[in-house]
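# Observations on the model geometry
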2 protein chains.
Amino acid sequence: MGKMVYFFGGRSAEGNAGMRNLLGGKGANLAEMANLGIDVPAGFTISTEVCTSYYENKGKYPENLHQEVTENMRKMEEVMGARFGDSENPLLVSVRSGARVSMPGMMDTVLNIGLNDTTVKGFIAKTGNERTAYDSYRRFIQMYGNVVMGVDGEVFESLIDEKKKGKGVKNDTELSSSDLKELVKEFKAVVKEKTGKLFPEDPEDQLWGAIGAVFCSWDTPRAVSYRKINSIPGDWGTAINVQAMVFGNMGKDSGTGVAFTRDPATGENIFYGEYLMNAQGEDVVAGIRTPQILPSLEEEMPEVYKSLEGIRGNLEKHYRDMQDIEFTIQEGKLWMLQTRTGKRTAVAAIRTAVEMVKEGLITEEEAIQRIEPSQIDRLLHPMFDPEFKKEVIAKGLNASPGAATGKVVFSADEADKLGSKGEKVILVRLETSPEDIHGMAAAQGILTARGGMTSHAAVVARGMGKCCVAGCSAINVDYGKERISVGDIEVKKGEYISLDGTTGEVMLGQVPTIDSEILRVTRGRMKPEESVLYGYYSKLMSWVDKVRRLGVRTNADTPEDAAIARRFGAEGIGLTRTEHMFFGEERLPVVRRMILAATEEERKKAADELLPMQREDFKGILKAMDGLPVIIRLLDPPLHEFLPSHEELLVEITKLKLQDGDDREIAEKEKLLQTIEKLTEMNPMLGHRGCRLGITFPEVYRMQARAIFSAASGLIKEGYNPIPEVMIPLVGHVNELKLTRRDVVEVAEEVMKENGVKMKYMVGTMIELPRAALTADEIAQEAEFFSYGTNDLTQTTFGFSRDDIEGKFLPVYIDKKVLSENPFAVLDQKGVGELIRIGIERGRSGRKDIEIGICGEHGGEPSSVEFCHRVGMDYVSCSPFRVPIARLSAAQAVLREKEGNF
Amino acid sequence: MGKMVYFFGGRSAEGNAGMRNLLGGKGANLAEMANLGIDVPAGFTISTEVCTSYYENKGKYPENLHQEVTENMRKMEEVMGARFGDSENPLLVSVRSGARVSMPGMMDTVLNIGLNDTTVKGFIAKTGNERTAYDSYRRFIQMYGNVVMGVDGEVFESLIDEKKKGKGVKNDTELSSSDLKELVKEFKAVVKEKTGKLFPEDPEDQLWGAIGAVFCSWDTPRAVSYRKINSIPGDWGTAINVQAMVFGNMGKDSGTGVAFTRDPATGENIFYGEYLMNAQGEDVVAGIRTPQILPSLEEEMPEVYKSLEGIRGNLEKHYRDMQDIEFTIQEGKLWMLQTRTGKRTAVAAIRTAVEMVKEGLITEEEAIQRIEPSQIDRLLHPMFDPEFKKEVIAKGLNASPGAATGKVVFSADEADKLGSKGEKVILVRLETSPEDIHGMAAAQGILTARGGMTSHAAVVARGMGKCCVAGCSAINVDYGKERISVGDIEVKKGEYISLDGTTGEVMLGQVPTIDSEILRVTRGRMKPEESVLYGYYSKLMSWVDKVRRLGVRTNADTPEDAAIARRFGAEGIGLTRTEHMFFGEERLPVVRRMILAATEEERKKAADELLPMQREDFKGILKAMDGLPVIIRLLDPPLHEFLPSHEELLVEITKLKLQDGDDREIAEKEKLLQTIEKLTEMNPMLGHRGCRLGITFPEVYRMQARAIFSAASGLIKEGYNPIPEVMIPLVGHVNELKLTRRDVVEVAEEVMKENGVKMKYMVGTMIELPRAALTADEIAQEAEFFSYGTNDLTQTTFGFSRDDIEGKFLPVYIDKKVLSENPFAVLDQKGVGELIRIGIERGRSGRKDIEIGICGEHGGEPSSVEFCHRVGMDYVSCSPFRVPIARLSAAQAVLREKEGNF
C-alpha cells in the first residue's frame with residue numbers, strides 16, 4: 001500500500017474533492033475547502049484503503065500506519081499551534097468516520113480526544129473556561145467509554161440524572177464546573193467497574209482506541225443493514241478523519257451551526273440555516289434544543305456572518321451546486337467543519353437547477369443531470385384539497401413536502417408492522433434516530449416534536465421523498481399512554497391524522513387529496529402562468545426535449561388517458577390494449593357469445609355486434625392523438641378470461657344438484673362448464689392467446705381491424721389526421737405474422753376503398769417471446785415496426801409467472817440476494833436485455849428502417865429507459881404519469897453516453 | 001429453358017441416374033439402364049422443368065416442346081424399327097409420370113397410345129395376334145377415355161360385364177377377339193355419348209392428350225394430399241416418360257413380372273419376385289391374378305431367366321443397393337421397364353446392409369447410411385407371444401412384418417374414423433388402392449384377399465412399417481354383410497382378429513404380444529447366438545459406435561430402466577427424475593407432510609423420513625450404471641402436484657356443508673384447501689418449482705443430496721464405482737446455482753467425511769430457460785456440466801405450454817402451415833436451436849471443458865440428434881428404447897457432416 005494518510009489545514013491540503021473514493025466524502029471536501037483557502041481545523045484523513053486492508057487482515061493495521069499518523073499529528077500540532085497531550089497548551093482532536101457516500105448517524109464518532117487529568121488543566125489555563133473544560137472532559141469519557149470501551153450509554157446518563165437530582169437542578173447546563181469534575185471521576189470509576197479496565201490516560205492510547213472503534217463501526221449490524229437498503233458495497237470501507245477540535249461551547253462568542261446555500265425545501269436562493277450559540281455541533285443535529293435561524297446571526301455577529309456569507313458564495317461557485325455546510329465559531333473565529341452537496345426536495349431540485357442555469361453557474365445539460373427522475377414523479381404526487389375544511393391542530397416545520405394521511409403510531413417497529421400489511425400510518429416521535437429508519441420507510445409521513453430543518457427526521461425524510469413535519473413543539477407526545485395532545489385535543493394510537501409537509505400543518509382525521517400543482521396545470525385546471533413551479537418545470541422539460549434522442553409515447557386505453565398523456569409530452573401511443581374494452585357491462589355478454597359460438601358464422605355475427613362499439617373506442621383515442629401515431633394491439637388475453645370462473649360455476653352446480661335445482665338450469669350451466677373446461681389451460685400465459693387467437697379465429701382480428709380503419713376513415717372525413725398502427729401480439733414465428741398481417745391489410749384496403757379515403761398506416765408486432773427476438777430478421781420481413789413487450793419477455797426469459805412469483809419465491813430471492821431487484825420493475829439487462837439487443841440487431845438486418853420501441857412497464861423506469869437508449873430503440877412507451885420521467889431519463893441517457901458513462 | 005426432352009434406348013441414353021431431379025426417378029433409371037447396355041424399350045423423358053413451367057404458365061407448354069418431342073419420336077421409331085401411326089408396322093407408346101420420389105399409384109398412366117382402326121390392323125399383321133390387338137385397343141380406349149377424356153371407369157366396366165353376360169362367360173379372358181372388337185366400337189360410342197366428342201383417331205392427338213392429362217394428374221386432390229403426408233414440395237413437378245410399348249400379353253412366350261434383387265422382407269440374398277405369363281404389368285401390380293414366383297421362370301424360360309439373373313447382378317453391382325425391377329418378356333425377348341431402390345422391411349434393411357459390406361459392395365459407413373432410424377425403432381416392436389394358444393384361421397403372404405391386433409373394419413373411412421378415436425382396427429379389403437391410404441395409416445394392420453408381395457397393399461404397408469398379410473385367398477370377404485368367413489368360421493365387423501406379418505398368419509381374437517427378438521436378446525431372455533437378426537443388428541451397431549462422436553446416455557428413473565438402457569448401449573444416465581420417486585404410495589403422505597410443514601423444523605423432519613427411501617432409489621440406479629456417470633436431477637415440479645386437486649376438494653366441502661357433514665372434517669378440509677390455494681399458481685410451469693424450491697426450502701435439496709452421496713458411499717464400500725452427477729433444475733441466474741450448489745457440495749463433503757470415502761462427482765445444471773442460455777458464460781462458472789432441457793426450453797422460447805397446445809391451436813397451426821411440425825417432437829433448430837448454440841458457445845467461454853448434453857425428449861429424435869452433433873454437444877440422452885436410434889442417428893450425423901451435407 002502506498003500513501004495512507006492525507007493532511008489538510010493551514011489553507012492547503014494533500015487531498016482534494018476528486019479523491020472521494022480514497023478519502024471519503026467528508027475528508028475529500030475538508031481537503032478541498034482547505035485548498036480553497038477556507039479555514040478548517042487542521043487534521044488528516046486515513047484512507048478507505050486502510051479500512052479495507054484492516055478488514056482483510058482481520059483487524060491488523062498496515063505496517064507504516066502508526067508512523068504516518070504520528071508524522072501527521074506533528075503537522076497538525078504545528079498548524080494549530082498546540083501539542084497533543086501537552087500540559088499547558090493541549091491539542092484536542094476528534095475521530096470521525098467518512099465513507100464515499102453519506103451514511104448519516106450510522107457510524108461512531110469520538111470527540112475531545114487528548115483530555116486527561118493533566119491536559120484538562122492546560123485547557124483551563126489556555127481558555128480560562130473551567131466549566132467548558134470539565135464539560136468537554138465528561139463528554140469525552142462518556143463517548144469514549146461507550147463507543148470504544150462498550151459501556152452502555154444509559155449508565156452515564158443515570159449518573160448525570162443522579163447528580164442533577166442531588167443538586168436539585170433540572171438541566172445539564174445548570175451543573176457547575178465542580179459538579180462536572182465530580183462526574184468525570186464517577187464516570188472513570190464506572191468504566192473501571194463495568195470493563196475491569198482503567199480509563200486510558202495516555203492521549204496516544206486514546207487516539208488509537210478511537211481509530212480502531214471507528215473502523216469497527218463500519219461493520220455494525222445497523223451500518224450493514226443501512227448499506228443493504230441503500231445498495232452500498234461493503235468493500236468500499238470508510239475513511240477516518242482525525243481533526244483538531246474547535247469549540248462552539250466556549251461562551252457567548254462561540255456557537256455552531258448548519259446551513260444550506262439555498263432553501264432545500266423550495267430551492268429559493270436564500271442563505272438558509274440554523275445555529276445555536278454556546279453549543280457543540282451534536283446539539284444542533286440531535287434536535288434537542290430548537291435552534292435560531294441564520295438571519296439572527298447577522299445581527300448577533302455581523303463579521304462572522306459576513307465571512308460565512310462569503311464562504312457560501314465561494315463554495316457554490318466552486319462546487320457549482322447547492323451545499324450543505326457545518327461551521328463552528330470559537331471565541332469569534334469561524335471554522336468550517338464540513339461541506340457537501342445538499343439534499344433537497346423535488347421542488348427545490350428543479351428550481352435550483354433552473355436558476356443556476358440562469359445565473360450562469362451550470363449548463364442546461366448539467367441542470368438536466370441534477371434532477372432525479374423520481375423527483376419528477378414526486379412533483380406529480382397529490383396534495384391536500386384546499387377546499388376541504390381542515391382542522392389544523394398544530395403547525396411545525398415544513399421539513400419535507402407532501403401530503404400524508406394515516407393512523408398514528410409511536411414506534412418504528414409498529415410503523416413497519418402495520419405498513420407492511422398495507423396500512424397507512426404516520427410515525428410520531430419526539431425526535432428520530434438512525435434506529436427508526438425502517439419505520440420511517442414504512443410510514444406515509446413523519447411528525448416530530450423536536451428538531452429543526454436539519455434534524456435527523458428532516459434530512460432522512462427529504463432523502464426518502466417522504467412527507468415530514470418536524471419540531472412541532474406544540475404537541476405533547478406521551479409514549480407511555482400512546483397518545484398526543486394539543487391543549488384539550490387528544491389523538492390516540494390508531495386514530496387518523498394528516499400532515500402537510502409543504503406548510504407544516506398537522507390536521508385531525510383524513511384530509512382528502514387533490515392533484516398537485518403540476519398536475520392541475522397539465523389537466524388545464526390551473527393556468528401555467530399562475531404556477532411558479534410549473535414555470536421551472538416546463539423550462540427544464542424544454543431543455544430535456546432538446547437533448548433526448550428517444551421518442552416518448554404512452555400506453556393508453558381511453559381517450560382521457562391519451563389526452564392527459566399528450567399534455568405530459570407523449571408523442572403518440574405505444575400501446576392501446578383492446579381487451580380492456582371487452583369488459584364493459586353491455587359488451588361482456590356479446591363477447592361471451594363470440595367466444596362460445598359453435599360455428600364461424602355465429603362467431604362472426606357476435607363480432608359484428610361488437611364492431612360499432614370498438615369503432616367508437618378507437619375513434620376517441622385516434623382523435624385525442626390526432627396527427628400522432630397510435631399503436632393498437634389486437635386481442636391478446638386467453639378467452640377464458642372473459643368467462644365466469646370454472647370453480648365458482650362448479651360449486652354452483654354442485655349446490656343446485658344437491659338442492660334439487662331446476663334441471664334445465666343445471667343442464668345449461670353444465671354446458672357452459674364444459675365449454676369453459678375446454679378453454680381452461682394449465683398455463684394460460686403460454687396458451688391460446690395473442691395471435692394464436694387471430695389465427696384460429698380470424699373473424700375476431702378482422703372485426704378489430706375493421707373497427708380501427710373505419711374509425712380512422714370517419715375521422716379523415718371530419719378533417720382529422722389519424723395515424724393508426726396495428727400491432728399483432730405474441731408472435732413467435734414469422735408465419736404467424738404473415739397470416740394475421742395479410743388479414744389486417746386486406747381489411748384496411750377494403751375499408752379505405754369503401755370510404756374512398758387513403759391513409760398512412762403500419763402493421764407490426766410485439767416482440768415478447770424469445771423466439772421472436774432470435775428470429776427477428778425473418779419477422780422483420782413482415783413487420784413495419786417492433787414493440788418490445790418486456791412484461792411477457794421477462795416472463796418467458798426467466799420462466800417467471802408474474803402473477804405467481806410475488807407472494808412465493810421472489811421475496812426470498814431478494815432476501816438471499818439471488819436477484820437484486822424485481823425484474824418486472826427494473827429491466828434485467830443481462831438476460832432480457834440481451835434478447836432485446838439481439839432482436840434489434842437482427843430486426844434491422846431484416847428491415848433497415850424498422851421502427852423499434854418498448855411498451856412493457858419498463859418503458860417508464862429510468863435505468864430501463866437508459867438501456868433502451870443505449871441499444872438504439874426509437875422510442876419508449878409508458879403510462880401517462882410516467883411520460884415526464886421517461887423524457888427526463890431519455891435526456892439523461894444521452895448525457896451519460898456523452899460522458900462515456902455507459 | 002434449355003433442353004427439355006432426353007432420349008434413351010438402343011443401349012445408350014442422354015440422361016443418367018444422377019439426373020433424378022430433372023428426369024424423375026423412373027426416367028433417370030431408364031436412362032441409366034440403357035447406358036449400362038440393358039435392353040429397355042426406347043423412349044424419352046420430358047423433364048420436370050416442363051411440368052413446373054406448365055403450371056406457372058397456366059397449362060401452356062414451353063415454345064419448343066412440340067418440336068423436341070417430335071424429334072425424339074422419330075429417334076424412337078428408328079431404334080424400335082416401327083413407326084408411330086403406321087398402318088403396317090405401327091409403334092405404340094406409353095405415357096407415364098415419374099417424379100423425383102415415387103408416388104405409387106397417385107398419378108395417371110396411358111398405355112397403347114397409337115392404336116386406331118388403321119394401326120390396329122398393322123398390329124395384327126405384325127404380331128399375328130388379333131385378340132391381343134383388340135384387347136390392347138379396348139384397354140387403350142378405356143384408359144384414355146377415363147384419364148384423358150374424363151369418362152367414369154365404371155361405364156366401361158359395365159359394358160364389359162354386359163358383354164360377358166351376353167356371351168355367358170365369367171372372365172375377361174374368355175371373351176373372343178370379335179367380342180373385344182365389338183367392345184372397341186361400344187367404348188367409342190359411349191365416349192361420344194358422355195363427352196360429346198369423338199374418340200381421337202390421330203396418334204399425335206392421342207399422344208398430346210395423354211401428356212397433358214399426366215401433367216394435370218400432378219395436381220389432383222389425392223396427389224396433393226399424398227405429397228402433404230409425405231412432405232413432398234409441390235413445385236418439384238413430375239417428369240413424363242414416353243416409351244415404346246412392349247407386350248407381355250403376346251401369348252405363351254410372353255409375360256411380365258416384378259422382382260427384388262434380394263428378399264425385401266428378410267433381406268436374404270435370393271432373387272425374389274413374381275411374374276405372370278401372357279399378361280400386362282398392371283395385372284401383376286393390381287393383384288387381381290395371383291402370380292407365380294420367380295424360380296418357376298427358370299424352368300419355364302431358362303434363357304430369359306439367365307439374362308434376368310445377369311441383369312440382377314449387374315444392377316446391384318452398379319447401384320450398390322437392392323433393386324426393385326420390372327420386366328416384360330415379349331415373344332421370348334426380355335425388356336427391362338424399371339429399376340429403383342427397393343423398399344424393404346427393417347429386418348431386411350439391416351441384413352442387406354451388413355451382407356453387402358461382407359460382399360465388398362458397400363463400406364461400413366454406407367451400410368450405416370442405409371438404415372433409417374425409424375427402422376431400428378421397428379426392430380424393437382413387440383411380436384406375438386409364441387406360448388399363446390392361437391387359433392390360426394388362414395395364412396396369406398407375409399407382406400410386411402409386425403404383430404397387429406384390432407377390430408375388423410371393411411372400409412378405409414371407417415378405419416380412419418375409429419383409428420383417430422384411438423381404437424385399434426384391422427383393415428380388411430379384397431385389395432387396396434391409393435384411395436385407401438388414410439385408412440391404412442390409421443389401422444394397426446392390413447389384410448387383403450388378393451395380390452402378391454408387390455401388390456399395392458404390400459408395398460404401401462412396408463413403406464409405412466405397418467403389418468400386412470396380403471393375398472390371403474382362403475378368406476371370403478363380404479363387404480355387403482360386413483364379415484369375413486373361412487369355412488364355417490365367421491368374423492363380423494367389430495370383432496377382433498390378429499395378424500402376424502412375419503408369418504402371414506391370420507388369427508381369431510386378440511393374441512397377446514411379447515418382446516421382439518432384438519429385445520429378448522437385449523433383456524437377456526434369449527442368447528445372442530440364437531438370433532440371426534441380432535447378429536446383423538449388433539454388427540451394424542458396432543460400426544455405428546466406431547463412427548459416432550456424440551455420446552449416448554439414457555433418461556431412467558428406475559434400476560430396471562437403467563439396466564435395459566445400458567444393454568441398449570447407453571453410456572450413462574443423462575437424467576434421473578427424483579420426483580417420480582415421490583409418488584409412491586407410502587411416500588406421498590410423507591411428501592405431503594413435508595410440503596404442508598409450518599416450520600423449517602417440521603419440514604426437515606419429514607424430509608428425514610424420506611431420506612432412507614431416496615437413498616435406496618439412488619443406490620439401485622447407481623449400481624445398475626456402475627462405472628458410468630449418473631445425472632440425478634433434484635426436485636423439479638411445483639409442490640401442488642403432490643397435493644389433492646383444489647377443485648375436487650372444493651366440491652367435497654360444498655357437499656359436506658350442504659349435507660350437514662362433520663364440522664371437524666369440514667374444518668380440516670378447509671385448512672388443507674387454504675394451503676393448496678396458497679400453493680396454487682396461475683401458470684405453474686413458470687412458478688415455484690425447480691431450483692426455486694431448493695432456494696426457498698434448502699432442507700429438501702440437502703436431503704436429496706444426502707441420499708445421493710450416502711447411496712454412493714455405501715456402494716463404494718461394497719466395491720462398486722458409482723459416479724453421481726447432481727443436476728440443479730430451472731436455473732436462470734447464476735446466483736441460483738451458486739446457492740444450491742454450495743448446499744450440495746457441503747452435504748457431499750460431509751457425507752464423504754462421515755463415511756471415510758472419496759469419490760468423483762460433479763454438480764451441474766439444466767439449461768432450460770432462455771436466460772440460462774443467454775448468460776451461460778456466468779452460469780458455467782458454477783456448473784461442471786450443462787444439460788439442455790429442451791422440453792422446457794421449447795415452452796419458454798415459443799411461449800407454448802406443452803400441456804395446452806395439443807388440443808387447442810397446434811392442429812390449426814399445422815393445418816395452416818404456420819408450423820411444419822410439433823416443436824416438442826422435433827427440435828425447432830431456428831429458435832430453440834439458436835439458444836442452444838448461444839448457450840454452448842458462451843458456456844464453453846466460461847468453462848472450457850464443460851460437459852454439455854441434452855436430456856429433453858428431442859434427444860432420441862434423429863434430426864434433433866444430428867443438430868446436437870452439429871452444435872458440438874458431448875452427448876444426447878433419451879429414453880431406453882430410443883438409445884439405439886440415437887446411436888445410429890449420431891453416426892449418420894458424422895457421415896453427413898463428412899459429405900458436407902449440413
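Look above for the structure.
A brief report on the enclosed structure follows. Treat the numbers as computed from the prediction; the structure is a model and nothing was measured. Starting from 1, residues in each chain are numbered consecutively following that chain's sequence as written. Chains carry letters and ligands carry numbers; both start at the beginning, A for chains and 1 for ligands, and go up in the order they are written. Where totals are concerned, whole chains, interfaces and linings use all residues; where local detail is concerned, this predicted model gives features only for residues with pLDDT of at least 70, and gives and counts side-chain atom pairs only at 80 or more. Neither water nor hydrogens contribute to the side-chain values; these are computed over all heavy atoms in the structure.

### As for the overall build of chain A
The number of helices and strands found in chain A is 36 helices and 33 strands. By its C-alpha atoms, chain A is 105 × 65 × 55 Å across when sized along the principal axes. Summary of the burial criterion: residues with accessible area below 20% of their type's maximum are buried, those above 50% are exposed, and those between are partly exposed, where the area comes from a 1.4 Å probe applied to protein chains only. Looking at chain A as a whole, 59% of its 902 residues qualify as buried. Restricting the contact set of chain A to residue pairs at least 6 apart, pairs at least 24 apart contribute 68%. Secondary structure elements are taken from DSSP: a helix is a run of H or I of four residues or more, a strand is a run of E of two residues or more, and numbering for both begins at the N terminus. By definition, residues are in contact when any of their heavy atoms lie within 4.5 Å.

### Let's talk about the side chain of B:Glu68
Residue and element names in this part refer to chain B. Residue position: Glu-68 is located in helix 3 (residues 65–80). As used throughout, the charge tally considers Lys and Arg to be positive and Asp and Glu to be negative, leaving His and the chain termini uncounted. Take a side-chain nitrogen of Lys or Arg and a carboxyl oxygen of Asp or Glu: if they are within 4 Å of each other, that pair is a salt bridge. Despite its burial, Glu-68 pairs with no opposite charge, the nearest such side chain being Lys-3 at 5.1 Å. Apart from the residues within four sequence positions on either side, Glu-68 is in contact with Gly-2, Lys-3, Met-4 and Val-5.

### Regarding the packing of aromatic side chains
Side-chain rings of Phe, Tyr and Trp, where Trp is taken by its six-membered ring, are said to pair if the distance between their centres is within 6.5 Å; with planes under 30 degrees apart they count as stacked, over 60 as edge-to-face, and otherwise as tilted. This structure, assessed with the given rule, holds 40 aromatic pairs over all chains. Seen from their ring centres, A:Tyr61 and A:Trp208 are 5.6 Å apart, and the 55° between their planes marks the pair as tilted. Note that A:Tyr61 is positioned in the loop between helix 2 (48–56) and helix 3 (65–80) and A:Trp208 in helix 8 (residues 203–216), a separation of 147 residues in sequence. On the basis of relative accessibility, which here comes to 23%, the residue A:Tyr61 falls in the partly exposed class. In textbook terms, an aromatic cluster arises when at least three aromatic residues are bridged by ring pairs, as seen for A:Tyr54, A:Tyr55, A:Tyr61, A:Trp208 and A:Phe215. Directly above the aromatic system of B:Tyr6 lies the positively charged group of B:Lys3, at a separation of 5.1 Å from the ring centroid. A ring is scored as having a charge over it whenever the NZ atom of a lysine or the CZ atom of an arginine sits within 6 Å of its centre and within 35 degrees of its normal. Note that B:Arg227 overlies the ring of B:Trp218, its terminal NZ or CZ placed 3.8 Å from the centroid.

### Some points on the state of the cysteines
Sulfur atoms of two cysteines make up a disulfide when they are within 2.5 Å. Going through the model one piece at a time under the given rule, you end up with 0 disulfides over all chains. Its sulfur unpaired, A:Cys472 is 11 Å from the next cysteine sulfur, which belongs to A:Cys468. Unpaired in this structure, B:Cys855 has its nearest cysteine sulfur neighbour in B:Cys868, at a distance of 11 Å. Residue class for B:Cys855 comes out buried when judged on its relative accessible area of 4%.

### Quick notes on the pattern of salt bridges
Residues and elements named next belong to chain A. As enumerated under the stated definition, the model contains 133 salt bridges over all chains in all. Of the charged contacts, one joins Arg-689 and Asp-636 as a salt bridge, the two residues approaching to 3.0 Å between their closest N and O atoms. Of the two residues, Arg-689 is situated in the loop between helix 25 (663–679) and helix 26 (691–696) and Asp-636 in the loop between strand 28 (629–633) and helix 24 (646–658); the sequence distance between them amounts to 53 residues. In this structure, Arg-689 and Asp-636 share a single accessibility class: buried. The residue Arg-702 makes a salt bridge to Asp-743 at a minimum N-O spacing of 3.2 Å. Taken together, the residues span a long stretch of sequence, with Arg-702 in helix 27 (residues 698–717) and Asp-743 in helix 28 (residues 734–755) at a distance of 41 residues.

### Overview of the environment of B:Met526
Residue placement: B:Met526 occurs in the loop between helix 19 (517–522) and helix 20 (532–547). Discounting chain neighbours no more than four positions away, the residues touching B:Met526 are B:Glu517, B:Arg520, B:Val521 and B:Ser531.

### Some words on helix 7 (residues 177–195) of chain A
All names here are of chain A. Over its 19 residues, helix 7 runs 27 Å from end to end, which matches the ideal 27 Å to within 8%, given 1.5 Å per residue. On its buried face, helix 7 sits against helix 5 (130–147) and helix 6 (153–167). Positioned one or two residues after helix 7, Gly-196 has a phi angle of 75°, which is positive. Take the residue count of a helix, subtract one, and multiply by 1.5 Å to get its expected span.

### Considering the interface of chain B and chain A
Of the residues lining the interface, 59 residues belong to chain B; the matching set on chain A comes to 59 residues. Buried area: the accessible surface (1.4 Å probe) lost by two parts on joining, summed over both. Carbon and sulfur atoms make up 62% of the surface buried where chain B meets chain A, a total of about 5,100 Å² over both sides. Its largest share of buried area at the contact with chain A, chain B owes to B:Leu686, B:Arg771 and B:Lys808, together 13% of the area lost on that side. Run the count over chain B and chain A and you get 6 salt bridges. Across the pair B:Lys830 and A:Glu778 runs a salt bridge, and its minimum N-O distance is 2.4 Å. By the criterion applied in these results, polar contacts are pairs of N or O atoms within 3.5 Å in which, for protein atoms, one can donate a hydrogen and the other can accept it, and in which residues neighboring in sequence qualify only through two side-chain atoms. Seen at the junction of chain B and chain A, the total is 32 residue pairs in polar contact (both at pLDDT 80 or more). With 7 residues, the single largest contributor to the side of chain B that touches chain A is helix 24 (residues 646–658) of chain B.

### Observations regarding the pairing of strand 8 (residues 255–260) of chain A
Residue and element names in this part refer to chain A. The buried count for strand 8 comes to 6 of 6 residues, which makes it a mostly enclosed element. Side chains Gly-255, Gly-257 and Ala-259 project from strand 8 onto one buried face, and the interleaved Thr-256, Val-258 and Phe-260 project onto a second face that is buried too. One bridge is not enough; two strands pair if DSSP finds at least two bridges between them. Where strand 8 meets strand 11 (residues 323–330), 6 bridges bridge the pair, whose relative direction is antiparallel. When the sheet's bridge partners are listed, Gly-257 is paired in strand 11 with Phe-327.

### What to know about the environment of A:Glu609
Residues and elements named next belong to chain A. Relative to the helices and strands, Glu-609 is located in helix 23 (residues 600–624). The exposure class of Glu-609 is partly exposed, given its relative accessible area of 34%. Sequence separation of Glu-609 and Met-594 is 15 residues, and the distance between their C-alpha atoms is 9.4 Å. For Glu-609, the contacting residues outside a window of four places in its chain are Val-590 and Arg-593. Side-chain polar atoms of Glu-609 contact the side chain of Arg-593, separated by 2.6 Å.

### Some remarks on the sheet that holds strand 27 (residues 573–577) of chain B
All names here are of chain B. With respect to topology, 8 strands assemble into a closed barrel ordered 26-27-28-29-30-31-32-33, the strand pairing being parallel. Pairs of neighbouring strands in the sheet enclose a mean axial angle of 30°, with direction left out of account. With 4 bridges connecting them, strand 29 (residues 723–728) and strand 30 (residues 762–767) associate as parallel partners. Residue pairing across strands places Met-727 opposite Gly-764, the latter belonging to strand 30. Angular values range over 0 to 180 degrees, each being the angle between N-to-C directions of two axes fitted as lines to C-alpha atoms, with helices fitted over their stretch in contact. Docked against the sheet, helix 23 (residues 600–624) engages strand 27, strand 28 (629–633) and strand 29, running at close to 150° with respect to strand 28.

### As for unusual backbone geometry
In this structure, A:Arg11 takes a positive phi of about 60° despite not being glycine. By secondary structure assignment, the location of A:Arg11 is in the loop between strand 1 (5–8) and helix 1 (20–35). Of note, the phi angle at B:Lys817 is positive, near 60°, even though the residue is not glycine. Positionally, B:Lys817 belongs in the loop between helix 33 (810–815) and helix 34 (832–846). Of the residues examined, B:Lys817 reaches a relative accessible area of 58% and is grouped as exposed.

### Regarding the environment of B:Gly85
Residue and element names in this part refer to chain B. You can see Gly-85 is positioned in the loop between strand 3 (83–84) and strand 4 (90–91). With a relative accessible area of 32%, Gly-85 lands in the partly exposed category. Taking the C-alpha atoms as reference points, Gly-85 and Val-651, separated by 566 residues in sequence, lie 85 Å from one another.

### Observations regarding the relation of the copies chain B and chain A
Each copy of the sequence occupies a distinct position, and chain B is placed on chain A by a rotation of 179° and an axial shift of 0.3 Å, giving an RMSD of 0.3 Å. Such a turn and shift between the copies fits a two-fold axis. Counting the interface residues of chain B, we find that 100% of their copies in chain A are interface residues as well, pointing to one common contact surface. Superposing copies: least-squares fit, C-alpha atoms only, residues required to have pLDDT of at least 70 in both.

### Focus: the sheet that holds strand 2 (residues 43–46) of chain A
Residues and elements named next belong to chain A. Read across the open sheet, the 5 strands follow the order 1-2-7-5-6; overall the sheet is antiparallel. Taken across any chain shown, the strands that pair with only one partner, and hence form the sheet edges, are strand 1 and strand 6 (109–113). Direction aside, the axes of adjacent strands within the sheet are offset by 20° on average. Where strand 1 meets strand 2, 4 bridges bridge the pair, whose relative direction is antiparallel. Opposite Val-5, over in strand 2, you have Ile-46 as the bridge partner.

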